[in-house]
Amino acid sequence: MSYYIPDYRAKSIFEIDYDKLRKLGIKGILIDIDNTLVPMHTRIPTEEAINWVKEMIHLDFKVCILSNANHERTSLFKDILAVTGVGMAFKPRKKGYLKALEVLALENTQCVMIGDQLLTDIKGGNKINMMTVLTEVLDKNEHWFVRLKRVIENLFLRKQLEKVEWI
Ligand SMILES: [Mg+2]
């Protein structure tokens, strides 16, 4: 299967069937920050993000932030949300994902990568055989470079994405 195609898609992290993830053997969640956990340019975690983390902990998931943002931004989120995290991950490179697995002390088959970008979040997760869930962007007001990537994604992948199951 193409590296760019997620296992599942979801409207947002708030609308994922986490019971189903558990039943599929998932114990750890690698989560992207921008436009997945919070809208782009959101300086600190939103109340929704804080509540989401609480819910995940309650459901007994381990959470690790995996972001291409700088260490400062990643640390801020990590500290406020009281979860683990890997910043400057250079997704889709494997290194950050492997670091996150090490931090969570879980195997690739026990984790899911949740993110809004096919070319980074999803591709990287697929490269290390991890379950991937593509979410829709929380905020359409994106940087031109990210928008350009989405145009490319749409051109090549829309047909295939339409076949992906919602979770
Ligand atoms: Mg993102």
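Structure shown above.
Residues numbered from 1 in each chain as written. Predicted model: local features only at pLDDT ≥ 70, side-chain atom pairs only at ≥ 80, totals over all residues. Heavy atoms only, no water.

### Quick notes on the overall build of the protein chain
Where we set the bar: Helical segments are the DSSP runs of H or I of at least four residues, strand segments are the runs of E of at least two, and each set is numbered from the N terminus. All radius of gyration figures rest on C-alpha atoms, and the globule criterion is 2.2 Å times the number of residues raised to 0.38. Burial status follows relative accessibility: with a 1.4 Å probe on protein chains alone, a residue under 20% of its type maximum counts as buried, one over 50% as exposed, and anything between as partly exposed. Here, two residues are considered to be in contact whenever any of their heavy atoms come within 4.5 Å of each other. The accessible surface values rely on the Shrake-Rupley method and a 1.4 Å probe; as for residues, cover is taken only from the protein chains in view. Only four residue types enter the tally: Lys and Arg on the positive side, Asp and Glu on the negative side; His and the chain ends are excluded. Charge positions are represented by NZ for Lys, CZ for Arg, CG for Asp and CD for Glu.
Regarding its fold elements, the protein chain presents six helices and seven strands. Moving toward the C terminus, one meets the helices and strands of the protein chain in the order β-α-β-α-β-α-β-α-β-α-β-α-β. Over its C-alpha atoms the protein chain spans a radius of gyration of 14 Å, differing by no more than 12% from the 15 Å that the globule rule assigns to 167 residues. In terms of its C-alpha atoms, the protein chain occupies a principal-axis envelope of roughly 40 × 35 × 30 Å. Each of the 167 residues in the protein chain was classed as buried or not, and the buried ones make up 51%. The contacts of the protein chain with a sequence gap of at least 6 include a subset with a gap of at least 24, amounting to 69%. Per element, the accessible surface of the protein chain, about 8800 Å² overall, is 54% carbon and sulfur. For the protein chain, the separation between the mean place of its 25 positive charges and that of its 22 negative charges on side chains is 6 Å.

### Describing helix α4 (residues 94-104)
What counts here: The arc in question is formed by the directions pointing from the helix axis toward the C-beta atoms.
Residues of α4 that are buried include every one of G96, Y97, A100, L101 and L104, and no others. In an axial view of α4, the angular spread of the buried residues amounts to 140°, which keeps them on one side of the axis. Along α4, exposed side chains directed more than 90 degrees from the buried face belong to K95 and E102. The positive-phi residue at the C-terminal boundary of α4 is A105, with phi of around 55°.

### Describing the coordination of the magnesium ion
The line we're drawing: Because water is not among the atoms used, a metal site may look incomplete, as its donors are only the N, O and S atoms within 2.8 Å, or 3.2 Å for Na, K and Ca.
Note on the magnesium ion: its protein donors are D32 (OD), D34 (O) and D116 (OD). The metal-donor distances range over 2.1 to 2.2 Å. On the primary sequence, the residues serving as donors to the magnesium ion are separated as D-x1-D-x81-D. Looking at D32, the relative accessible area reads 7%, which means it is buried. Exposure remark for D34: the relative accessible area of 17% places this residue in the buried category.

### So, the sheet that holds strand β2 (residues 28-31)
Our working definition: A pair of strands counts as paired when DSSP detects no fewer than two bridges linking them. Fitted lines through C-alpha atoms serve as axes, helices being fitted only where they are in contact, and the angles separating the N-to-C directions of these axes extend from 0 to 180 degrees.
Across the sheet, seven strands lie side by side as β4-β3-β2-β5-β6-β1-β7; this open sheet has parallel pairing. Unpaired on one side and paired on the other, β4 (84-86) and β7 (165-166) mark the two borders of the sheet. Where β2 and strand β3 (residues 62-66) come together, four bridges link them in parallel fashion. Bridged to I31 within β3 is I65. Those strands touched by helix α5 (residues 118-127) are β5 (111-115) and β6 (131-135), and its axis lies near 165° from that of β6.

### Section: the nonpolar core
Heads up, the rule is: Residues grouped as a nonpolar core are buried Ala, Val, Leu, Ile, Met, Phe, Trp, Tyr and Cys residues, joined through side-chain atoms within 4.5 Å.
Of all hydrophobic cores here, the largest spans 27 residues; its most connected members are Y18, L21, I29, I31, L37, W52 and I114. Counting only elements with at least two residues in this core, the list comes to β1 (8-10), α1 (18-23), β2, α2 (47-58), β3, α3 (71-81), β5 and β6. Among the elements that make up this core, the one with the highest residue count is α2 (four residues). Setting aside chain neighbours within four positions, we find L21 in contact with I16, I26, F61, V112, M131 and I167.

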